[in-house]
Structure formats: structure tokens, C-alpha cells
Amino acid sequence: MNGIVSREELSVWIEEVQRADILVGIPSYNNAGTIGHVVQAVQTGLAKYFPDKKAVLVNSDGGSTDGTPEIVRDTVVEDFSSLLLHHRVRPLFKLATPYHGLPGKGSAFRTIFELAAALDVKACAVVDSDLRSITPEWLELLLKPVLSGRFDYVAPLYLRHKYDGTITNSIIYPLTRALYGKQVRQPIGGEFGFSGELARFYLGKDVWESDVARYGIDIWMTTTAVAGGFRVCQSFLGAKIHDPKDPGADLSAMLFQVVGATFDLMDEYAAVWKDIGASEAVPTFGFRYAVGLEPVKVNVERMIDRFNLGVDDLMVIWREFLPGEVADFLVRARSLPFERFRIPDEMWVEIVYGFTLAAHRRVMSREHLLKSLTPLYIGRTASFVLETQDSGAEEVEERIEHLCRIFEEKKRALLDAWAS
Amino acid sequence: MEELFNRLISDPLARTAERILQFLPNLVSAVLLVLAGLAVGLLTKIVLKRIFVVIRLDGLSERVGLKALLAKGGIQEPLSLLLARITGGLVVFVFFLAALNNLEFGIIQNLIERLFIYLPSIFMALVVLVLGYLLGNFLGRAALIAAVNAGVRVSGHVGRGVKLFIYLLSVTMALELLGIGRDTVLLTYSITFAGIVLALAIAFGLGGKDAAREYLEKRLKAQERDDDFHHL
């Protein structure tokens, strides 16, 4: 706790603000192109939906060199009347500060949690700084369930293209749902609402010098809230459009970080998820509407090619821990013609559970294990694209629901193997 | 005639018999030492194995990742059994050396003396070989996975190449420690780095950077067209 509050400029600012009802955090790193829009949406949302609340906006920056913090400080909504807001608006306290500690989104969030605790806020929201589709309504949807006193954690629910978020759809959502029994559709969404109490709970966890500080904060927050017995809901935010990610971003590194963080949490909360049998829906807020989504380009042939390459060269590794029938299936799938290429749900669940057990038993270097999942994930994604190329959004959601049920059905076997 | 018989037959026989009688106790004690060594070695192995089970050494080796490291090196036995076997074997070996020394053969004693002087180098060379084997497997696997994920068509060769390179390096270093081929390490480094520099020069210098990249992509990687969906 004495981390940032002891910093002089922050202690002066905290002294000035003293207490607040709402804190909105925006972690950033070189987001000068988009953060102005995000700040305006936040400011408008607070003015429109929480005019009587004392609110602060905190930009926790990772050392941007493109003037991101300056944009946060300088951005103001000039004319509220053009937004049809005529009531008196309380001034918004703004702070743009660099975070300290290990470089990463988790450290940025730690600063936000520390300020939330220092200001004794009732509700917090965090939003990404590269968002292009954020609207003032997002603030209402993320904060109101918490301010009402009924919920501690609000996860986002987005409309996404059927091929977007494939790690979420094929691994993270079905796995966390089967394990912890809560149907939180976007557990690594990026935008969250949470209570001041939960912020203090997060802050008290001894993870801020670990990988959570660098990456994996999203799944850590969701899992910690669910496993900690906090009241969880989700809010429909519409489409999520953000700046394109770095095209050179390494998929295997991404899988290693996200899936690795999820597997770590499995070990930590084994005593919690062992006793959970089935999953239940969580309350969902927000008005659902259809959104025109940008088309997505997919090269399935190349994906299958990558899968085949993996089967050719990595089978010797997979055979060390995957069940024999799964390995044999993968060899057969390698020779399937393009149009008949499939990795069925049952087989995919066996693969994912096989990897969770191998990670739990530490059969090999964690990095090798998780990075060797990449060709299988690509193969599964190719199979999903082929299966759903003529499907609409609802049918695709049904397919994901089917996959989730298989994850839940096979959890018993996972438990038995986990204990042995 | 009798004198001749004594000089040619009887005396040498008597001396031989005397030597055999002198040598016999040493031989018997050497045999006894070997037998005792086998018994003590076996006992050491059994006792150590039980101690390791009691202190849960295998659980510890699993937790610190040593079991996985050994498995990566192709060693499937539990650490407790491995250590008990090695210690038992060393006990037998020491008794065997003592037995040989007890025979009081000058050549053997000389060899044993040299062996003991040489022993630290042998031990270090063995350590280097074992570490090289484990490291070779680890880095070979890392290279293989990275190559597959990068879409390199000759990933298997890349992994095997890295593994072989580390093996060769460790063998060379072990030989260096044993005093065999003192200049080999220097030569190995020279040849390897010269090879790498030459390959880079050919790829990026003579052929031109773009041409080399195009060629390599065509040759090594799958035909790519970017996907534009988000994985997370």
C-alpha cells in the first residue's frame, strides 16, 4: 500500500481529492491516437449518468513517448449542451501518472487499485486506451451494477465477428466456465467494473512481482473475483473496435501468456473448482442490438498447413502427455483432405485437458509445453472456420455452447486425472 | 646332476611357490574386498533408497522440475533410485580399486595412482557431458517448437541441428578437460562462427537482403496471406 501513495506528487493529489465515489482507470502505452476519444467518452458518461457523484479519471501510463499523458490532461468536453446535457456537472478530477514496477498491464492496474483504495471509492471501471467504439453508455453499464450495491464485478459482453476472439471462444471461456461454474462470456475482455472492496481485495494479493503484473491480469481479475465468491454479472457493451494489434505479434507468445495464466490459476484455485459440478448463467445487463461487423479475412489453407507441420514435427512431444487415441487422431487428421478437415469438440477438449494436466504435472518446460499448443490451436481454429463458414451469429454461439457443455461433461475425468 | 636339477627346476619352483604363498593372502584379501564391496554397495543402495523415500526426494525433484529435466534427457528412473544406484556403484568401484591395490602389482598401483590424479578431470568431463546432453535436448526442443510456430518447413532439421551442435560442443569441452585435443574447442568455435558468418554473407550480402528474404520465404515457409482476426 505504501507503494504509490508515498510518491509525493500522488500524495498531494490524493490530499486534494480526499475521497471519491467513482474511479475510472485507463492503462496506456503510446495510445495518443485513440486515448483522447476514450477520455471524452468517459467524461461524457460520468456527466450523463453520474452527475451527482464525485469521480476521478486515472491514466496509468507505461512510459509513453508520444504524448499520451499530455492528451489525457488536455482533453476536455467543451460543450455538454451539444450532448443534450443541461444539468449541473461536477468537475472531474484527472490524473495521468506513470506506473512503477514490472512493465505490463498488471502493474498499471495495480496503480489504479492503489488509488481506488486510497480514495476509498465505491465503484471502479477500467477501459482500454485503444478503443474506438467506446460510448458514454459503457460507463453506465460497467458502474451501475456495482453502485447499486448488488454486484462486485462486471465483465463485458461484446458483439464480435464469429471468427474474432478464438482463444477466448475455444479455450478460455469454455475452460473457466467448466472450472468455476460461472458463464462469464468474455473473461479476458479488457473492460471491467468492480467495487472498491474488490479493488482492495486484489491489492492484498501477493502477485504484483509475478507474471500477473506483466500479462494475464484480465483472466486473473475475473477468476479471482469468481473464485473469491464475489457477486459477478456482465454488461452488453455492443461492438468492440480497437486499434489493430501489432501484426507481428507472436501468436505462440500470446497463447503462452494467456493460457499459462489460466493454467496457473487452475493450480491456485484447485480446491475451489474441484467441488463445482455445473455452470450457471450470470445476470446480464444492457440492451442487446445487432451491429454490422467488419468482414474478417481468414486463410484456412495456411492454417491447416501449420497444423500439419506441427503434427509432422511435434508429435514426439505431444505423445509424452496426450492420450494415445488423441495422438492417433491427430495423425489421421493430418491426412484429411482440406474440405473434410475437422477437429471435433470432444477431441479438442481432450487436447486442452491433456495440456492442463501436463502443466499441472510439470512434464516439461512450461514454455515448451504451452508454445507447442500453437499448431493444435491453429488447427482447431481452421476446423471451426470450416464448420461455421455458412453460419450466422446465433448458430456460431450455439456451437460454442456445445463446446462448453463437452468441457463440463469431461470435467469429472479431468478431476480424477488431476488427483492421481 | 642333482645340482643341475635343483638349479633349473627345484629352486625356481620353490621360489614360485614361495611367491604364490606370499601373494595368496593378498589375493584372498582382494577377493574378500571385492565381495565386501559388492555387499556394502548393495546395502548402501538399499539404505539410501529408503532414506530418500522417507525424505520424499522424488516429490522434491518433481516440484523443482528436476524430474522433468531428467525426463527430457531420456532418464525415466526416479531421482531416488538414480542417486542410490550411483552411490552404490561408487562404493563397489572404490572397493574394487582397493582390492587391485592390495595385489601390490607395481603397474596396477601406478595405474591406480594415475587414475586418482585423473579422477577430478574425469568427473568434470562427465558433468559436462551430462549437462551438455540435457541442455542439448532442451535447446533442441525450444528451437524445434519455435521453428514449427514460425512455419519453417525444415523445423525438424533445425531442432536436430541445435541439439547436435550442443552435444558436439559438450563432447569437445569434455575432451578438453581430459586433456585430449586441447585446440579442438578453439577450432570448433572458429569453424562454427566462420560458417555462420559465411552463410550470412552469402544470404544477405551476395544475394541482397530482399532477394535472400524472398528466397528463404519461398523455400522455407508456407505461402502466407495475413489473417486479420483477433485471437483474444
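Residue numbers here run from 1 along each chain, matching the order of that chain's written sequence. Written order decides the labels, with chains lettered from A and ligands numbered from 1. Local features in this predicted model are restricted to residues whose pLDDT is 70 or higher, and side-chain atom pairs enter the listing and the counts only when it is 80 or higher, whereas totals over whole chains, interfaces and linings include all residues. The side-chain figures draw on all heavy atoms in the structure; neither hydrogens nor water molecules are used.

1. Let's talk about the pairing of strand β2 (residues 55-61) of chain A
Residue and element names in this part refer to chain A. For β2, the buried fraction is high: 7 of the 7 residues fall into the buried class. Burial along β2 is two-sided: the residues Ala55, Leu57, Asn59 and Asp61 and Val56, Val58 and Ser60 are all buried. Examined bridge by bridge, strand β1 (residues 22-28) and β2 share 7 bridges and lie parallel to one another. Residue pairing across strands places Ile26 opposite Asn59, the latter belonging to β2. When the strands point away from the viewer and the path from the first strand over the helix to the second turns clockwise, the crossover is right-handed. Only DSSP runs of H or I covering at least 4 residues are called helices, and only runs of E covering at least 2 are called strands; the numbering of each starts at the N terminus. What joins β1 to β2 is helix α2 (residues 35-49), and the crossover it makes is right-handed. Examined bridge by bridge, β2 and strand β3 (residues 93-98) share 6 bridges and lie parallel to one another. Exposure categories follow from relative accessible area, calculated using a 1.4 Å probe and restricted to protein chains: below 20% of the type maximum is buried, above 50% is exposed, and the middle band is partly exposed. Only strands joined by at least two bridges in the DSSP assignment are considered to pair.

2. Brief notes about a nonpolar patch on the surface
All names here are of chain B. Any residue with relative accessible area above 30% and no salt bridge may belong to a patch, with like charges joined within 9 Å and the nonpolar Val, Leu, Ile, Met, Phe, Trp and Tyr side chains within 5 Å. Note that accessible areas follow from Shrake-Rupley with a 1.4 Å probe, and for residues the cover is restricted to the protein chains shown. Here, a salt bridge means any side-chain nitrogen of Lys or Arg that lies within 4 Å of a carboxyl oxygen of Asp or Glu. Side chains of Ile20, Leu21, Leu24, Leu27, Val28, Val31, Leu32, Leu35 and Leu38 sit close together on the surface and give an oily, nonpolar patch of about 810 Å² of accessible area. On the secondary structure map, Leu27 appears in helix α1 (residues 2-54). Residue Leu27 is classed as partly exposed on the basis of its relative accessible area of 34%.

3. Digging into the packing of aromatic side chains
Residues and elements named next belong to chain A. Between rings of Phe, Tyr and Trp, where Trp is taken as its six-membered ring, a pair exists when centres lie within 6.5 Å; planes separated by under 30 degrees are stacked, by over 60 edge-to-face, and by other angles tilted. Under the defined criterion, the tally for this structure stands at 17 aromatic pairs over all chains. Geometrically, the ring pair formed by Tyr202 and Trp220 is tilted, given 5.2 Å between the ring centres and 45° between the ring planes. Highlighted residues: Tyr202 in helix α7 (residues 196-203) and Trp220 in helix α9 (residues 217-227), separated in sequence by 18 residues. In this structure, Tyr202 and Trp220 share a single accessibility class: buried. Through pairs of rings, three or more aromatic residues link up here, namely Phe109, Phe113, Phe194, Tyr202, Trp208 and Trp220. Note on criteria: charge over ring means Lys NZ or Arg CZ within 6 Å of the ring centre, with the direction from the centre no more than 35 degrees off the ring normal. The ring of Phe256 carries the charged tip of Lys371 above its face, separated from the ring centre by 5.8 Å.

4. Digging into the domain arrangement of chain A
Residues and elements named next belong to chain A. A domain assignment, automatic or from a database, supplies the domain bounds used here. With domains assigned, chain A is organised as domain 1 (8-285) and domain 2 (300-419). Between domain 1 and domain 2, the C-alpha centre-to-centre distance is 31 Å. In this assembly, 30 residues from domain 1 lie in contact with 35 residues from domain 2. Reported buried area values correspond to the accessible surface (1.4 Å probe) lost by two parts on association, with both partners' losses combined. For the pair domain 1 and domain 2, the summed buried surface comes to about 3000 Å²; carbon and sulfur atoms form 68% of the total. Among the residues domain 1 hides against domain 2, the three largest losses belong to Lys162, Phe256 and Phe263. Together they make up 20% of the total. The salt bridge partner of Arg185 is Glu397, with a shortest N-O separation of 2.6 Å. Definition of a polar contact: a pair of N or O atoms within 3.5 Å, with one able to donate and the other able to accept a hydrogen when the atoms are protein atoms, and with sequence-neighbouring residues admitted only if both atoms are side-chain atoms. At the junction of domain 1 with domain 2, the criterion picks out 18 residue pairs in polar contact (both at pLDDT 80 or more). Going through the elements one at a time, α6 (166-180), α10 (251-268) and α11 (270-273) are the ones with two or more residues in the side of domain 1 that touches domain 2. Contacts: residue pairs with any heavy atoms within 4.5 Å of one another.

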